[in-house]
Each structure stands twice: as structure tokens, then as C-alpha cells.
Amino acid sequence: MKIIRSPTSMATWSEQLRRQGVKIGFVPTMGALHEGHRALIREARLRCNALVVSIFVNPAQFGPREDLAKYPRPISQDRALCRKEDVDVCFEPTVEDMYPSGFQTMVTLPTIARRWEGEARPHHFSGVATVVTKLFGIVRPQIALFGQKDFQQSALVLQLVKDLNLGVEVVVQPTVREKDGLAMSSRNVYLSSDDRMRAATLYRSLQAGAEIIRRGVTNGKAVQSAMAQVIEKEPAITIDYLAVCDPATLEPLSSVMRQAVLLGAVRLGSVRLIDNILVVAKQARRKF
Ligand code: AMP
């Protein structure tokens, strides 16, 4: 496995392979790799001839009071995982290479990025959209894989690629979970042992919402309060948002007639967790 740090060397490597007709697959990450990342890497490996994984903790997507400085960076472990999964290139640019002095251009966001994470973390998605655009420009993959875990981020990337004609096939893969249902995340290591035991409550609350939709409840508010009831049993958890949304627009649904995505964000101490479930309404299932 090659470790490439310079964007210019990365672009040259890709350009040579593209000229030979090699299909390049790409998994962008911020490192601290876990089984969720591994699943993306394995799926990517099956779908391309040359596989690039980027490890870049992108300062542009962190707010001023967020965890940029303490974000975990176990680079040797990450490289070992990539080697084991037969990754061809681990692309590890520096902040100075990605944002040299004089850097000015940021991507303007589509409406899909406005609510939920967009509201809770004001600069987050413009940092994500900008770094994804830059990484695609450097790595020039034909295919890139993202996780459903970050549902709104995946929706944003799909819109970005379409609107800016980036020419990358974007594949979204299911969320990988711990045994108790907690969505794997590099930030789970911040949880105290007590909070770790409570953390799967978020998934259970989304499941409670999904369950009543499957049983035929259509009222968005009723679904939202069923989800909230589960969280409220754990006083240590604070709700940031619990939402019943149209998966295409991410706007709240007053009634669920077809599909919904249930989005949730909660806080346990200083740790913020997000998760989501896609669910098909009982009425919609009957038609097939
Ligand atoms: P991150 O390193 O957190 O920026 O994540 C890199 C990619 O891995 C993103 O596309 C995430 O959505 C995806 N990802 C993170 N956690 C999971 C998970 N538990 N299951 C599947 N994909 C994930």
C-alpha cells in the first residue's frame, strides 16, 4: 500500500491509472477507522480496480467549539486496517496542503443541508461539501462510497455531484452497528462507560418510531412523540432533534404515506450522537 501525502502526487497517480482505463474507487474518511469504515472499504474493493482511502481530519467541517483538536488520530492502526483490506493508496494530505494560505472558495449549500445537522452545526456542511469537491478533484474516482449513518451528508453529496457534474458514482452503504444497536462512530470512544450503556437508546427510539409506522400510524407528530418517549426515560440524554422526514428532501412529514427517514441527534454529556432509520409505511407496502 502506498501512502501519499501530497495532493499533486495523488492526482498524478490517479491520472496515470485513468489513462490506462483503471476504475478508481474512493472512500473518504477522517480516520479512527472502525467496522463501519471497513464495510465501506470492503464494498469499494469489490467495485473497483484501484482503491484509495483518504484520512483527513477536515478543520473546515468543525465549529469553533467542537472537538477538532481532540479528534482521535490513530494513524498506525488506520494504515494497518487499510493494508489488511487491500487498499492501494492511503491518501493523507496535511491541512496546509488542502487549505494553503490564500484559499478562498467554499461550496454553497443546497436546501437539503439547511435543517437538522445544518442547523445544529452551522459551518459543518459547507466544510463537508468543499472538502468532498476538493478530494474528488484530486483523487478523480469513478466511484465513491459513503455511509447511511450520516444520512444528510450522503444526501448532500448526491446533490453536489449532480449539480456540479462531478462525474462520480456515489454509493451509500447501510449503517454498521454495535451489538446493542449503537451506530459505530469514531466519536463513541468519548463516551463514559455509563453513557456507553445508555447510548443505544437513540437507536431504540428510532426503532420505536419505525415500528409504529410499519403498524400503520401515519401522523408525523405521533411518530415523533413515540420516539421522544423512549429517550425521555433516560434523564442523562438530551434531545437535539428527533424528526420524521421525506428521505428525498429532508423536510418534515406531517403524514407518512410512503417512505420516511427518522433522524435523531442526542447529547450524552459532551458527546453528540446522530443516527437514522429509513422506513416504508404500511400503506405503501400493501401496494407491492
Ligand atoms: P468519518 O470518518 O466519520 O468522516 O466517516 C467516513 C465515512 O464513513 C462516511 O461516509 C460515514 O458516513 C461512514 N461511516 C461512519 N460510520 C459508519 C457506520 N457506522 N456505518 C457505515 N458507514 C459509516
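Description of the structure in this document.

Next up on the list: the overall build of the protein. Helix and strand counts for the protein stand at eleven helices and nine strands. Expected size for 288 residues packed as a compact globule is a radius of gyration near 19 Å; at 19 Å, the protein falls within 12% of this value. Along the first, second and third principal axes, the C-alpha set of the protein runs to 55 × 45 × 40 Å. Split into buried and exposed, the 288 residues of the protein put 51% on the buried side. Accessible surface, the protein as shown: approximately 13,900 Å² in total, 50% of it carbon and sulfur.

Pairing is antiparallel across the open sheet formed by three strands, whose spatial order is β7-β8-β9. In this open sheet, the two edge strands, each paired with only one partner strand, are β7 (237-245) and β9 (271-280). Shown here is a sheet whose adjacent strand axes are inclined to one another by a mean of 15°, direction ignored. Of the strand pairs in this sheet, β7 and strand β8 (residues 259-268) are connected by eight bridges, and their pairing is antiparallel. From the neighbouring strand, Ile 239 faces β8, where its bridge partner is Val 266. Against the sheet, helix α10 (residues 220-232) touches β7 and β8, its axis set at about 155° to β7.

A full pass over the atoms with the stated rule returns six aromatic pairs. Aromatic side chains Phe 26 and Phe 136 sit 6.2 Å apart centroid to centroid with 70° between the ring planes, which places their arrangement in the edge-to-face category. Placement of the pair is Phe 26 in strand β2 (residues 24-29) and Phe 136 in helix α6 (residues 124-139), with a sequence separation of 110 residues. Here Phe 26 falls in the buried class, since its relative accessible area comes to 0%. Geometrically, the ring pair formed by Trp 116 and Tyr 241 is tilted, given 5.4 Å between the ring centres and 50° between the ring planes. One end of the pair, Trp 116, is in the loop between α4 (95-98) and α5 (117-120); the other, Tyr 241, is in strand β7, with 125 residues separating them in the sequence. The pair formed by Trp 116 and Tyr 241 is uniform in burial state, with each residue classed as buried. What links up through ring pairs into an aromatic cluster is the set Phe 26, Phe 136 and Phe 146. In this structure, Lys 70 packs its charged tip against the face of Tyr 190, placed 4.3 Å from the ring centre.

Turning to the site of the ligand, a few remarks are in order. In the vicinity of the ligand lie 16 residues, with Met 30, His 37, Asp 150, Val 176 and Met 184 positioned nearest. A distance of 2.9 Å separates an oxygen atom of the ligand from a polar atom in the side chain of His 37. Met 184 places a main-chain nitrogen or oxygen 2.9 Å from a nitrogen atom of the ligand. Coverage of the ligand by the protein amounts to 92% of the 490 Å² it exposes when considered alone. Only β2, α2 (35-47) and β5 (143-147) provide two or more residues apiece to the shell around the ligand. The leading source of residues in the shell around the ligand is α2, at three residues.

Reading the values: the criteria
Residues numbered from 1 in each chain as written. Predicted model: local features only at pLDDT ≥ 70, side-chain atom pairs only at ≥ 80, totals over all residues. Heavy atoms only, no water. Helix = DSSP H or I, 4+ residues; strand = E, 2+ residues; numbered from the N terminus. Rg over C-alpha atoms; globule rule 2.2 N^0.38 Å. Buried < 20%, exposed > 50% of the residue type's maximum accessible area, 1.4 Å probe, protein only. Areas by Shrake-Rupley, 256 points an atom, 1.4 Å probe, with all protein chains shown as cover. Pairing = 2+ DSSP bridges. Axes fitted to C-alpha atoms, helices over the stretch in contact; angles between N-to-C directions. Contact = heavy atoms within 4.5 Å. Phe/Tyr/Trp six-rings, centres within 6.5 Å; stacked < 30°, edge-to-face > 60°. Lys NZ or Arg CZ within 6 Å of the ring centre and 35° of its normal. Near = heavy atom within 4 Å. Polar contact = N/O pair within 3.5 Å; in protein donor to acceptor, adjacent residues only side chain to side chain.

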